[in-house]
Amino acid sequence: MLLTYIFLLLSLGIVGLVFIPSSQKLIMRQFALGITSAVFVFSLFLWLGFDQSTCKFQFVVDSLWLPLANINLILGVDGISLFFIILTTLIFPLCLLASWSFDKGSVKSYLISFLSMELVLLLVFTNLDLLFFYIFFETVLIPMFLVIGIWGSRQRKIRAAYMFFLYTLLGSLFMLIGIVYIYLFAGTTDYEALSVIGFSSYDQKWLWLAFFASFAAKVPMLPVHIWLPEAHVEAPTAGSVILAGILLKLGSYGFLRFSLGLLPLASVYFTPLVFSLSLFGVVYTSLTAIRQTDLKRLIAYTSVAHMNLVMIGLFTGTVIGIEAAVLQSLSHGFVSSALFLIIGVLYDRWHSRVVKYYGGLTHTMPIFITIFLFFTMANLGLPGTSSFVGEFLLLVSAFEANTTACFFAATSMILGGGYSLWLFNRIAYGNVKIVGVDLSFREFVLFLPLVLGTLFMGIYPNIFFSPMHATVANVVWVDLWM
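Quick look at the structure, then. (Residues numbered from 1 in each chain as written. Predicted model: local features only at pLDDT ≥ 70, side-chain atom pairs only at ≥ 80, totals over all residues. Heavy atoms only, no water.)

1. Notes on unusual backbone geometry
Moving on, step 1. Note the cis peptide between Val219 and Pro220, where omega equals -10°.
Moving on, step 2. Topologically, Pro220 is positioned in the loop between helix H9 (201-218) and helix H10 (227-234).
Moving on, step 3. Backbone geometry places Phe59, a non-glycine residue, at a positive phi of 55°.
Moving on, step 4. Considering the arrangement of structural elements, one finds Phe59 in strand S1 (residues 58-66).
Moving on, step 5. Even without being glycine, His351 reaches a positive phi, approximately 55°.
Moving on, step 6. By secondary structure assignment, the location of His351 is in the loop between helix H16 (319-350) and helix H17 (361-364).
Moving on, step 7. Here His351 falls in the exposed class, since its relative accessible area comes to 58%. (Helix = DSSP H or I, 4+ residues; strand = E, 2+ residues; numbered from the N terminus. Buried < 20%, exposed > 50% of the residue type's maximum accessible area, 1.4 Å probe, protein only.)

Shown next as structure tokens:
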């Protein structure tokens, strides 16, 4: 029933916003923040009530939709989707809090877009039917397209919105063809039923490529990563946080849930392809990030590097590598979201994201710089932070699978130190170029959950690993990789 309450609460929140007068902007903001905060509390009860000893889906909601066609809307939670749900429900109230003073265009439409996006994202992470997964997977594009195209910050926002929409939509058309074939072959799109059906090696390979076209654009992997820097630069701060913190996880979640879970033989066959593209993506985007002059574009390229590192962990074929990849995805959701919020603080004060215009902020904004330093260290994997645990275990599993891949993947730590420390040095030290007011209480509260979450995940990672063990061992056919 918990999932039902969560979706009902979000639906009522969207309807409630429609009936609040547009002139009551403060009430709308308070109402939307209250709804998303309540949803986050409900998601924590999912964690508290989760049974770690079983690999079965829990909190299942089964709704008859097309019984004659054997297609039903089935929702459920397992050890893989649990933390993606909690990450989603945490990020959205923070985004609304970050947008408290945002007053561009219709505030009502802006808030409805974010609540609709949260509703659809939770449906994606809990869906156990391939057809409905595809529908909600693509529906996410609509509110984000509106957020970038309507509330973007610059003149190129329309172009960026269309790039985001077309790149991710075109790849997903191949996934739709694959789902239709699966339905014609198996007579169902139920994930649990499909998990016990054996596809031939040939069928697995072309189905894997169909799913790959969709998920690779969402990660994003090279060469279909071009849309991400453009979308980040043009999106408002809250939109960039959702993009980096949650939407990029749809790709890695899809690979783990469907490519590895349903098509294991093809996943083994195409592992060299994934490794090659991911390693090239890690090195290329890290080097590209170093030469960026726009703050958002720089962090966007680092997101591509970190998510490609996650892909290496997923395809190592070991339980520790896959669990580390999931943890690194969660860590990236915390750290990258915080970095984009930090850029948002600077942009709100001076309306510029050009690095050379900033300097010496350690003298005028010490609290801000302290938080910036913390997340800079977390971004490059400082021990004690969440990124260290994920990256270390990723490299260990990569070394066992392929030492050459591990060597090139490890360069991400060196290059990450280059672009992270250089960026921090240019903004924090040197001559004072601008004088600004330090963080307000609202902004400090905004960063506090992300700081605590990053530390907690880095110091007590087993709390996050424990619910994953049974699910990962069940979904991934480990023997095929040995």
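2. Observations concerning empty space enclosed by the protein
Moving on, step 1. Per the counting criterion, the structure on display carries four cavities of 30 Å³ or more.
Moving on, step 2. In this structure, the largest cavity encloses a volume near 70 Å³.
Moving on, step 3. Lining the largest cavity, in full, are Ser286, Ala305, His306, Leu309, Asn379, Leu380, Glu391, Ser412, Met413, Gly416 and Tyr419.
Moving on, step 4. In terms of residue count, helix H20 (residues 403-428) provides more of the lining of the largest cavity than any other element does, four residues in total. (1 Å grid on protein atoms, 1.4 Å probe; cavity = no way out; pocket = protein on both sides within 12 Å on 5 of 7 lines; lining within 4 Å. Points joined across faces, edges and corners; volume = space filled by probe spheres on them.)

3. Looking at the nonpolar core
Moving on, step 1. One finds Ile242, Phe255, Leu314, Phe368 and Phe375 to be the most contacted residues of the largest nonpolar core, which totals 173 residues.
Moving on, step 2. Not counting residues within four places of it along the chain, the set of residues in contact with Phe255 comprises Trp208, Phe212, Phe215, Ala216, Val219, Met221, Leu260, Met311, Leu314 and Phe315. (Core = buried A, V, L, I, M, F, W, Y, C linked by side-chain atoms within 4.5 Å. Contact = heavy atoms within 4.5 Å.)

4. Some points on the pattern of salt bridges
Moving on, step 1. Summed over all chains, the structure comprises five salt bridges.
Moving on, step 2. A salt bridge links Asp78 to Arg257; the nearest nitrogen and oxygen atoms lie 2.6 Å apart. Residue Asp78 is found in the loop between strand S2 (71-77) and helix H3 (81-98), and its partner Arg257 is found in helix H12 (residues 249-262); the two are separated by 179 residues along the sequence. There is no split in this pair, since Asp78 and Arg257 are both buried. (Salt bridge = Lys/Arg side-chain N within 4 Å of Asp/Glu carboxyl O.)

5. Side note on the packing of helix H2 (residues 25-48) against helix H4 (residues 107-126)
Moving on, step 1. Between H2 and H4, whose axes approach to 10 Å, the crossing angle comes to 10°. Classed by the angle they form, the pair H2 and H4 counts as roughly parallel. In this structure, H2 uses Lys25, Met28, Arg29, Ala32, Ile35, Thr36 and Val39 to contact H4, whose residues at the interface are Val107, Lys108, Leu111, Leu115, Glu118 and Leu122.
Moving on, step 2. Residue classes in the contact of H2 with H4 are distributed as eight nonpolar, one polar and four charged. (Axes fitted to C-alpha atoms, helices over the stretch in contact; angles between N-to-C directions. Parallel < 35°, antiparallel > 145°, perpendicular 65-115°, else oblique. Nonpolar A, V, L, I, M, F, W, Y, C, P; charged D, E, K, R; others polar.)

6. A word on the environment of Ile142
Moving on, step 1. By the element assignment, Ile142 lies in helix H6 (residues 141-151).
Moving on, step 2. Through-space distance from the C-alpha of Ile142 to that of Phe255 is 22 Å; in sequence the pair is 113 residues apart.

7. Quick look at the packing of aromatic side chains
What describes a pair of aromatic rings is the distance from one ring centre to the other and the angle between the planes of the rings.
Moving on, step 1. Tallied over the entire structure, the rule returns 44 aromatic pairs.
Moving on, step 2. Between the aromatic rings of Phe133 and Phe215, the centroid separation amounts to 6.4 Å while the plane-to-plane angle is 70°, which identifies the pairing as edge-to-face. Linking Phe133 in helix H5 (residues 130-139) with Phe215 in helix H9, this pair joins segments that are 82 residues apart in sequence.
Moving on, step 3. Overall, the relative accessible area of 1% leaves Phe133 in the buried class.
Moving on, step 4. On the numbers, 6.3 Å between centres and 15° between planes, the contact of Tyr181 with Phe185 is stacked. Placement of the pair is Tyr181 and Phe185 together in helix H7 (residues 157-186), with a separation of four residues, close to one helical turn.
Moving on, step 5. Sitting above the plane of the Tyr269 ring, Lys205 keeps its charged end 3.9 Å from the centroid.
Moving on, step 6. The ring of Tyr191 carries Arg257 above its face, with NZ or CZ at 5.6 Å from the centroid. (Phe/Tyr/Trp six-rings, centres within 6.5 Å; stacked < 30°, edge-to-face > 60°. Lys NZ or Arg CZ within 6 Å of the ring centre and 35° of its normal.)

8. Describing the layout of surface pockets
Moving on, step 1. As a volume, the largest pocket reaches approximately 390 Å³.
Moving on, step 2. Lining the largest pocket are 25 residues; nearest its centre among them are Phe102, Pro236, Thr237, Tyr347 and Asp348.
Moving on, step 3. Elements supplying a minimum of two residues to the lining of the largest pocket: helix H11 (237-247), H16 and helix H21 (441-459).
Moving on, step 4. Among the elements that take part in the lining of the largest pocket, H16 stands out by supplying five residues, more than any other.
Moving on, step 5. Residue classes in the lining of the largest pocket are distributed as 11 nonpolar, seven polar and seven charged.
Moving on, step 6. If you add up the space inside the second largest pocket, you get close to 270 Å³.
Moving on, step 7. Taken together, 14 residues make up the lining of the second largest pocket; nearest its centre are Phe40, Trp47, Ile86, Leu90 and Phe334.
Moving on, step 8. The set of elements that each furnish at least two residues to the lining of the second largest pocket consists of H2, H3, H16 and H21.
Moving on, step 9. Taken together, the residues of the lining of the second largest pocket sort by class into 13 nonpolar, one polar and no charged.

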